[in-house]
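Spelled out from the first residue to the last, the chains are:
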Amino acid sequence: MQAKRAGALELQERVSFVSVTTDKAAAEDYGESKTPDELEGGALRAGGAPNYTSPEVLGLLAQYVCVGLIYGCLPNILYPVITGYYRLTGAQYNSAKTLLNIGWSLKAFIGMLSDCVPIMGYRRKSWMMIGWTCCLGFMLVLACMDLGDPYFRDASVANINPIDRTTAQNLTINPDARNKGGIVAILFGVATISYLFADVPCDALVVEYAQREPLATRGRMQALVYTTRTVASTISTAIAGFCMNSPRFAGEFTWDFGANTMYILLCVPCAIMVPTTYFFIQDIKKEAIKFSHYISQVWALIQKRAMWQIILFNFFYNLLGGGFSSTAAPYVQLHWAKVQNLNNQIMTIVSSLIFSAIVACIGRWGTHWNWRIVIVSTTLSMASIDCIVQFCTFYDVVRNQWFYLGVPLAEQLPQGVLFIVTAFMIVELAEVGNEGIVYGLLTTVTNLPSAVGPVLSNLMYRNFQVDEASIVSDTKYVRNQVAYTYLIYYACFLIACFTSFFLPSQKLQLHALQRTGGQYPIIGGCVITVMFCLLVYSITCSILSMFESTSCLMIAGGNGCEN
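If you're wondering where the values come from, they're calculated on a predicted model, not measured in any experiment.

## A few points about the packing of aromatic side chains
Turning to step 1, where the next piece is worked out: Under the definition given, this model contains 24 aromatic pairs.
Turning to step 2, where the next piece is worked out: Relative to tyrosine 263, the ring of phenylalanine 188 has its centre 6.0 Å away and its plane inclined at 80°; by these criteria the two rings are edge-to-face. In this pair, phenylalanine 188 sits in helix 8 (residues 177–211) while tyrosine 263 sits in helix 10 (residues 259–280), placing the two residues 75 residues apart along the sequence.
Turning to step 3, where the next piece is worked out: Exposure remark for tyrosine 263: the relative accessible area of 0% places this residue in the buried category.
Turning to step 4, where the next piece is worked out: Ring centres of phenylalanine 315 and phenylalanine 316 lie 5.2 Å apart, and the angle between their planes is 80°; this geometry places the pair in the edge-to-face category.

Listed below in structure tokens is the structure:
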């Protein structure tokens, strides 16, 4: 009995059943490997199923409430603050977006840091406390700093052509606003990177908790935390959308509560998270592992067919299933469907709630559903609904903004399914000790098509007459041109469905692939090399988009520079 207890404790702290070590020294480091059948209910990790109402789980959920509030706020106040209030140039606005987005491309490296460098013996909670403390500091700076007057002290002057403005009207312009706006953009960026240092260790902890769940219900923990995050982000998005929508923030309302108030509100959850992390997050103390041993463990995992096959699925499905959006889309929405900005924001909020509901439902009832069937069926259903709405709009059968705004709601179905299925697979693939980098790697791969897709879309659609002036003309020829671009878009969705062959149908099939799929060093090396090159390309695109002279380059996602 004592031997079994010792083995279970050693398993909980040091090994995963998916770890396969042929080296004797590695076997001594990680102890005896066990299969899910030897643990209660087919769990992947000893420790018993987590209690979803326990203080440690509630403390982890609180982390995702805070992450959601900031994630839903900062990107959505970027336009009203940077463009509306400070009137920064297009290149400067792109720079601000880059600062907010570039951290998400580095999640794998943050995960590696969390896995390998424990602080005072803690791999997760120490980094979480550092992240929240830094984020709180930057939020306090934003909350306390004098934001200065807006660029247009008189908001009505913004709507007057510069040539037609009087001398008195020009005197109301605040030329110093753009300097202040640059400082605010930098603070937004460093605040985002700061809370990512809390978010990535949280993801690793979620993997640890989820692996303790029995096979029949494994995935509910992930559904719970991501439903929590999405609801929280929806709340902050709504607050930002409705309370910072006055003319000085490029909005339509007659009132707003000011940017400083928004920053103060964000300070509150950040401040609460520091003691919450210290007192409630359970993180077993561990010694730092040798980096060479860690890298060899990760390399052994990447060589497995199960790992590189999932990487390929995540990349190609996300690239083909929506990555080739028609360049006519924004003009169709604006000029043919005549969608108003406020209504679009409202539907964005509603679609986020639907997304969270889908994730919650799958976590509650769909943990055993066939992944291939669910993803293919939801993808085809969404594409069919979208096709009907779009073509009715193209050919003036129905041109109504509320009819058109139903499309984003339909898109939440496959997006929600793919998101949570990807999260399920990460739990099955991650091994003890590398949870952070596995989660970061797969989520980074999932995000890479967002950098590659626009470039390929511009190349594909550049020969079609679908620019804004053509959409405004609304001729039969232009309608057909737009329709052709969308036919390519839907054809890519059909091809994306075939990538489901890379995807195991469920957890047991994934485990079987791990055991019998073998190792392919050349393929694994090629896949990870290509993904790393795409990551470098993604960061390069972000940097090129920061400068007006290079943001128009096709390699950076632009439409091409004239000179």
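## Notes on the confidence of the model for the protein chain
Turning to step 1, where the next piece is worked out: Within the protein chain, residue pLDDT values average 84, and 90% of them lie at 70 or more.
Turning to step 2, where the next piece is worked out: Confidence, expressed as mean pLDDT per element, reaches its minimum in the protein chain at helix 2 (residues 24–30) with 36 and its maximum at helix 6 (residues 125–144) with 95.
Turning to step 3, where the next piece is worked out: Throughout residues 1–34 the model reports pLDDT below 50, and contacts reaching past four residues in sequence, or to other chains, amount to 52 contacts.

## Quick notes on the pattern of salt bridges
Turning to step 1, where the next piece is worked out: Tallying each qualifying case throughout the model produces 14 salt bridges.
Turning to step 2, where the next piece is worked out: One salt bridge connects arginine 124 with aspartate 115, and the closest N-O pair in it is separated by 2.9 Å. The residues arginine 124 and aspartate 115 share a single accessibility class, namely buried.
Turning to step 3, where the next piece is worked out: Across the pair arginine 399 and aspartate 474 runs a salt bridge whose closest N-O atoms are separated by 2.8 Å. Pair noted here: arginine 399 is in the loop between helix 15 (371–394) and helix 16 (401–404) and aspartate 474 is in the loop between helix 20 (468–473) and helix 21 (476–498), with a separation of 75 residues, a long-range link.
Turning to step 4, where the next piece is worked out: For aspartate 474, a relative accessible area of 22% puts it in the partly exposed group.

## A short note on the environment of proline 275
Turning to step 1, where the next piece is worked out: Secondary-structure assignment places proline 275 in helix 10.
Turning to step 2, where the next piece is worked out: Sequence spacing of proline 275 and methionine 129 is 146 residues, and the spatial spacing of their C-alpha atoms is 8.3 Å.

## Points about the packing of helix 12 (residues 305–320) against helix 18 (residues 435–447)
Turning to step 1, where the next piece is worked out: Packing of helix 12 against helix 18 leaves a shortest axis separation of 8 Å and a crossing angle of 30°. In this view, helix 12 runs roughly parallel relative to helix 18, as classed from their interaxial angle. Counted together, Met307, Ile310, Ile311, Asn314, Phe315 and Asn318 of helix 12 and Val438, Leu441, Leu442, Val445 and Thr446 of helix 18 form the full contact between these two elements.
Turning to step 2, where the next piece is worked out: Counted by class, the contact of helix 12 with helix 18 contains eight nonpolar, three polar and no charged residues.

What counts as what
- Residues numbered from 1 in each chain as written.
- Predicted model: local features only at pLDDT ≥ 70, side-chain atom pairs only at ≥ 80, totals over all residues.
- Heavy atoms only, no water.
- Phe/Tyr/Trp six-rings, centres within 6.5 Å; stacked < 30°, edge-to-face > 60°.
- Helix = DSSP H or I, 4+ residues; strand = E, 2+ residues; numbered from the N terminus.
- Buried < 20%, exposed > 50% of the residue type's maximum accessible area, 1.4 Å probe, protein only.
- pLDDT = per-residue confidence, 0-100.
- Contact = heavy atoms within 4.5 Å.
- Salt bridge = Lys/Arg side-chain N within 4 Å of Asp/Glu carboxyl O.
- Axes fitted to C-alpha atoms, helices over the stretch in contact; angles between N-to-C directions.
- Parallel < 35°, antiparallel > 145°, perpendicular 65-115°, else oblique.
- Nonpolar A, V, L, I, M, F, W, Y, C, P; charged D, E, K, R; others polar.

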